[in-house]
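The primary structure of each chain is shown beneath.
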Amino acid sequence: MKRRTFIKQIALSSGLVLSSGYLSAAVHDKKYSKLTILHTNDFHSHIDPFPTNDPKYPNQGGIERLGALVKKIRSEEENVLLLDSGDIFQGTPYFNFYNGKIEYQAMSAMGYEATTLGNHDFDNGIDGLVKQMPYAKFSFINSNYELKNTPLHDKVVNNKIIQKQGIKIGLFGLGVQLEGLVLPQLYGNTKYLNPIKTAQKQADYLKNEQKCDVVICLSHLGYKYDSDKIDDLKLAKSTENIDLVLGGHTHTFLDTPTPVKNLNNKKVLVNQVGWAGLRLGRIEILIFNKEKLGKSETKKIDFFHKKNILV
Amino acid sequence: MQLNKTLQLSLCCVLFLCACKTNKYSPFQKKGFVTIDNNLTKNSEISSLVKPYQNELQAKMNTVIAYCDTPMERLLKEPETLLGNLIADIVFEYAYQNNISTDMSILNFGGLRTSLPKGDITVGKIFELMPFENDVVLATLNHSTMLKLQEYLVSQKGQPISNAQITINNDGSSEFLVNNKPLHASQVYLVATTDYLASGGDKMKFFEEALEIKPLNIKLRELIIQYFKDKGNNKEPITSRIQNRVKISQ
């Protein structure tokens, strides 16, 4: 029965399957582990649902409902990771009056583990951001803003490793170029660095040096631009060692995550779930333990790789 | 047991593969989200956390601060609007009180985010009208930059302005009056606007040549709320008129 639920869940949700030789001791006796990744982007201070007469999203969204959904999934799944891709701030009077405090408090109560910096998170300046950070019990991850000459230097990390029952997850974050998007006095001495180079450096470090089973990029670059401007699709295509890009900024509603072939012809999933807490992204990852698999099982997995079912 | 699990899981994938032959997505790339709607209950922990703020905010937002005597629509393709004139005047008057040499104000239609209805106006309505954290600034422009501002108004076929008038002719030429006078080559002009526009927002590139941009230390939204409150306290309605500030000759 349990197995059936398990299979059903995989069939119903999006996912990625990885083979790993790295699986840590805690799960060494298992053939595979499952990781449930939940994510949001561009929350934009939407504490309350949209009004019932809203032409686009009547009575949708709402942080209290989001909290209920997260709680329900946590009761059903063993390894849940809750992440955000930036622009938590700005968009309703809640932000104007309380400056992001409620957003951070509620997200902490839901058990968010990390976010990255979006352009609107600078809307009250770096000082305004720093002032709210004590209310956040999650990490702020960004790898392509040089912050050493700003008050954020010891409050934002380049990357973070999270262990879930032995599954090792490596996270890093990418932000959009702030110049022209945010007033210069608001982002101060923040320096924008090349996202592709930064991403490759971080992904290599997390996958090769730290032996992470899964490498996830929290991106606020945007899903897709017709110009040369770097986006999530270009990022996924022109790098290696990234498994999953959880994006934001362009408020893109993707019904299914977009599979992209990376530099090594390996599949990367790119996802984004609109904005305003209207959707909770859900991606399941199965991690097979190579050492525990028999020949025939390995063959089957290889077969699925070839058939493009497994990544 | 474990072996069985993996095998059956794999078999399941095969089945899905067969069943989904015409589907371009593999079974692992189905719907990647759950919609947040009223089928979900509320998380009581989160509710008790946000409730006090919800109550406080509702009370603040629902406070009526003034009465508007005519509907003022958010229009983006008219040369001059009631709403544009009202807000441009509020900005001009405030800047003039701070600096008597202020010559004019300029804003953008796109930045005024909602229409004002006839009737009671709440604080919440002003937040809808001006959700951004834009500050009011005073830019010093020389004559040649003012000519570019004039060109900009021509190219945009109008934007909200106060204490200035422009007539745009068929051939693209125009007559521009500031303070009721044509531009004077040796004069510098003080133009009130927002920090967003003064940094080149909505294609107002000419502001890059400003000799000085001085903050007036108030947010545009706060200024609008203050103006509406003052009117409300004095029992005067909020009103506006079309005055041929931007005229497009046919």
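Residues numbered from 1 in each chain as written. Chains lettered and ligands numbered in written order. Predicted model: local features only at pLDDT ≥ 70, side-chain atom pairs only at ≥ 80, totals over all residues. Heavy atoms only, no water.

### Here we look at the overall build of chain B
Next up, step 1: Scanning chain B for helices and strands turns up seven helices and twelve strands.
Next up, step 2: Counting all 250 residues of chain B, 48% fall into the buried class.
Next up, step 3: For chain B, contacts bridging at least 24 residues in sequence account for 78% of all contacts bridging at least 6.
Next up, step 4: For chain B, the exposed area adds up to about 12800 Å²; of that, 50% sits on carbon and sulfur atoms. (Helix = DSSP H or I, 4+ residues; strand = E, 2+ residues; numbered from the N terminus. Buried < 20%, exposed > 50% of the residue type's maximum accessible area, 1.4 Å probe, protein only. Contact = heavy atoms within 4.5 Å. Areas by Shrake-Rupley, 256 points an atom, 1.4 Å probe, with all protein chains shown as cover.)

### Points about the packing of aromatic side chains
Next up, step 1: Counted by the stated rule, this structure contains 18 aromatic pairs over all chains.
Next up, step 2: On the basis of an interplanar angle of 75 degrees and a centroid distance of 6.1 Å, the ring pair of F122 of chain A and Y145 of chain A is categorised as edge-to-face. Highlighted residues: F122 of chain A in the loop between β4 (114-115) and α5 (125-132) and Y145 of chain A in strand β6 (residues 145-146), separated in sequence by 23 residues.
Next up, step 3: With a relative accessible area of 0%, F122 of chain A lands in the buried category.
Next up, step 4: The exposure class assigned to Y145 of chain A is buried, which follows from its relative accessible area of 4%.
Next up, step 5: Ring-pair connections join several aromatic residues into one group, and the members of that group are F89, F95, Y104, Y112, F138 and F140 of chain A.
Next up, step 6: Here K229 of chain A stacks its cationic end above the ring of Y225 of chain A, 4.6 Å away from the centre of that ring.
Next up, step 7: It is R279 of chain A that lies over the ring of F33 of chain B; its NZ or CZ is 3.5 Å from the centre. (Phe/Tyr/Trp six-rings, centres within 6.5 Å; stacked < 30°, edge-to-face > 60°. Lys NZ or Arg CZ within 6 Å of the ring centre and 35° of its normal.)

### What to know about the confidence of the model for chain B
Next up, step 1: Mean pLDDT for chain B: 88, with 88% of residues reaching 70 or above.
Next up, step 2: For this predicted complex, the interface score ipTM comes out at 0.87, alongside a pTM of 0.76. (pLDDT = per-residue confidence, 0-100.)

### Considering the packing of helix α3 (residues 82-98) of chain B against helix α7 (residues 220-233) of chain B
Packed helices, taken two at a time, are described by the angle their axes make and the gap between the axes.
Residue and element names in this part refer to chain B.
Next up, step 1: Two numbers describe how α3 lies on α7: the axes approach to 10 Å, and their chain directions differ by 95 degrees. Relative to α7, the element α3 lies roughly perpendicular. Contacts between α3 and α7 involve L86, I87, I90, V91, E93 and Y94 from the former and L220, L223, I224, Y227 and F228 from the latter.
Next up, step 2: When grouped by side-chain class, the residues that make up the contact of α3 with α7 number ten nonpolar, no polar and one charged. (Axes fitted to C-alpha atoms, helices over the stretch in contact; angles between N-to-C directions. Parallel < 35°, antiparallel > 145°, perpendicular 65-115°, else oblique. Nonpolar A, V, L, I, M, F, W, Y, C, P; charged D, E, K, R; others polar.)

### Notes on the sheet that holds strand β11 (residues 212-219) of chain B
Residues and elements named next belong to chain B.
Next up, step 1: Reading across from one edge, β6-β3-β10-β5-β11 is the order of the five strands in this open sheet, with mixed pairing throughout. Strands with a single pairing partner mark the edges of an open sheet, and in this sheet they are β6 (161-162) and β11.
Next up, step 2: Here strand β3 (residues 104-106) pairs with strand β10 (residues 189-194) via two bridges, running parallel. Following the sheet pairing, M104 is matched in β10 by V191.
Next up, step 3: Each of β5 (135-141), β10 and β11 is contacted by α7, which is oriented at about 55 degrees to β11, the strand it contacts most. (Pairing = 2+ DSSP bridges.)

### Quick word on the pattern of salt bridges
If charged atoms from side chains of opposite charge come close, those side chains can pair.
Next up, step 1: Summed over all chains, the structure comprises 19 salt bridges over all chains.
Next up, step 2: A cluster of three or more residues bridged by salt bridges with shared partners is formed by K34, E77, R282 and E284 of chain A. (Salt bridge = Lys/Arg side-chain N within 4 Å of Asp/Glu carboxyl O.)

### Describing the packing of helix α2 (residues 63-76) of chain A against helix α2 (residues 44-61) of chain B
Next up, step 1: Axis separation between α2 of chain A and α2 of chain B bottoms out at 9 Å; the angle between their running directions is 175 degrees. One element, α2 of chain A, and the other, α2 of chain B, form an angle in the roughly antiparallel class. Contact residues: I63, E64 and G67 of chain A in α2 of chain A; I46, S47, V50 and Q54 of chain B in α2 of chain B.
Next up, step 2: Considering only residue class, the contact of α2 of chain A with α2 of chain B consists of three nonpolar, three polar and one charged.

### Here's the deal with α2 of chain B
Residue and element names in this part refer to chain B.
Next up, step 1: Look at α2: 24 Å from first C-alpha to last across 18 residues, which is about the 26 Å you get at 1.5 Å a residue.
Next up, step 2: By the largest-angle criterion, V50 marks the main kink of α2, which is about 40 degrees, and a proline, P52, follows within four residues.
Next up, step 3: Regarding α2, the residues found buried are I46, S47, V50, Y53, Q54, L57 and M61.
Next up, step 4: The distance from a side-chain oxygen at the start of α2 to the backbone nitrogen of E45 is 2.9 Å, and the residue carrying that oxygen is N43. (Expected span 1.5 Å × (residues − 1). Bend = angle between axes of the 7 residues up to and from the residue. Polar contact = N/O pair within 3.5 Å; in protein donor to acceptor, adjacent residues only side chain to side chain.)

### A short note on the environment of R74 of chain A
All names here are of chain A.
Next up, step 1: Residue position: R74 is located in helix α2.
Next up, step 2: Relative accessible area serves as the criterion here: at 30%, R74 is assigned to the partly exposed category.
Next up, step 3: Between the C-alpha atoms of R74 and T36, which are 38 residues apart in sequence, the distance is 9.2 Å.
Next up, step 4: Setting aside chain neighbours within four positions, we find R74 in contact with V80, L82, M110 and G111.

### Regarding the sheet that holds strand β8 (residues 174-178) of chain B
Residues and elements named next belong to chain B.
Next up, step 1: Strand order across the open sheet formed by four strands is β9-β8-β7-β12, with mixed pairing between neighbours. Each end of this open sheet is capped by a strand with a single partner; those strands are β9 (181-182) and β12 (246-248).
Next up, step 2: Here two bridges tie β8 to β9, and the two strands are oriented antiparallel to one another. Residue pairing in the sheet places V178 in a bridge with K181 of β9.

### Quick notes on the pairing of strand β8 (residues 167-174) of chain A
Residue and element names in this part refer to chain A.
Next up, step 1: Of all eight residues that make up β8, eight are buried, and the element is covered over most of its length.
Next up, step 2: Side chains I167, I169, L171 and G173 project from β8 onto one buried face, and the interleaved K168, G170, F172 and L174 project onto a second face that is buried too.
Next up, step 3: Counting the residues that bridge the hairpin from strand β7 (residues 159-164) to β8 gives two residues, and of these Q165 lies at a positive phi of roughly 45 degrees.
Next up, step 4: With six bridges joining them, β8 and strand β10 (residues 214-219) adopt parallel strand pairing.

### Regarding the state of the cysteines
Next up, step 1: Summed over the entire model, instances satisfying the criterion amount to zero disulfides over all chains.
Next up, step 2: Looking at C217 of chain A, it has no disulfide partner, and the nearest cysteine sulfur is the one in C212 of chain A, 14 Å off. (Disulfide = S-S within 2.5 Å.)

### Regarding the environment of H39 of chain A
All names here are of chain A.
Next up, step 1: Counting through the fold element by element, H39 comes out in strand β2 (residues 32-40).
Next up, step 2: On the basis of relative accessibility, which here comes to 0%, the residue H39 falls in the buried class.
Next up, step 3: In the structure, H39 is positioned 51 residues away from Q90 in sequence and 19 Å away in space, judged by C-alpha atoms.
Next up, step 4: If near-sequence neighbours (up to four positions away) are discounted, H39 is found in contact with L83, L246, N271, Q272, V273, R279, L280, G281, R282 and I283.
Next up, step 5: Looking at H39, its side chain comes within polar contact range of the side chain of N271, at 3.0 Å.

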